[in-house]
Amino acid sequence: MNSHLSIDIGGTKIKVTEYSHALIPLNEWTLETKNFFNQRGQKDIDKFLLHIKNLVGHNTFQKVGVSFNCAIFNNKIVYSSLLGGGEGIDLQKIAKKYFEFEKFHADNDVVCMAQAE
């Protein structure tokens, strides 16, 4: 449980990065958002996270961070055009079905970019 998983879900592209415990990138993938977000609901999140679990090849991380093109508060979606609203979807709760982690944080993609600066 030493690596970290970063997921950046944008309107057109998704970037997934696995980092070592020292935050050195181990693997990176770029995916098309439209390949995962088309049912416009929680099923899209489930399908996407299962794909990420299979892509990375394991499901145990120290930290999982999600940057999402949506309005989000306390890891719960307030509104997402990608999900047809998606109000109340708890990303941490769904992520627990696919990953084991010590810490989880999800936030709006613009907020995450500003914090990274």
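The rules behind each value
Residues numbered from 1 in each chain as written. Predicted model: local features only at pLDDT ≥ 70, side-chain atom pairs only at ≥ 80, totals over all residues. Heavy atoms only, no water. 1 Å grid on protein atoms, 1.4 Å probe; cavity = no way out; pocket = protein on both sides within 12 Å on 5 of 7 lines; lining within 4 Å. Points joined across faces, edges and corners; volume = space filled by probe spheres on them. Helix = DSSP H or I, 4+ residues; strand = E, 2+ residues; numbered from the N terminus. Nonpolar A, V, L, I, M, F, W, Y, C, P; charged D, E, K, R; others polar. Salt bridge = Lys/Arg side-chain N within 4 Å of Asp/Glu carboxyl O. Buried < 20%, exposed > 50% of the residue type's maximum accessible area, 1.4 Å probe, protein only.

Peer 1: Go over empty space enclosed by the protein with me, naming the residues and quoting the values.
Peer 2: Under the criterion given, the structure shown has 1 cavity of 30 Å³ or more. The volume enclosed by the largest cavity comes to roughly 90 Å³. Around the largest cavity sit Ile7, Ile9, Ile45, Phe48, Leu49, Val64, Val66, Phe68, Leu91, Ala95, Phe99 and Phe104, which together line it. Of all the secondary structure elements, the ones that give two or more residues to the lining of the largest cavity are β1 (4-9), α1 (42-56), β4 (60-68) and α2 (91-95). Along the lines of polarity and charge, the residues of the lining of the largest cavity split into 12 nonpolar, no polar and no charged.

Peer 1: Before we move on, can you summarise the pattern of salt bridges with the specific residues and values?
Peer 2: Where charged atoms of side chains with opposite charge meet at close range, the side chains can pair. Per the counting criterion, the structure on display carries 3 salt bridges. A salt bridge links Lys15 to Glu28; its shortest N-O distance comes to 3.8 Å. Here Lys15, found in strand β2 (residues 13-19), pairs with Glu28, found in strand β3 (residues 25-32); they are 13 residues apart in sequence, far enough to count as distant. Taking the relative accessible area as the measure of exposure, Glu28 reaches 47% and is therefore partly exposed.

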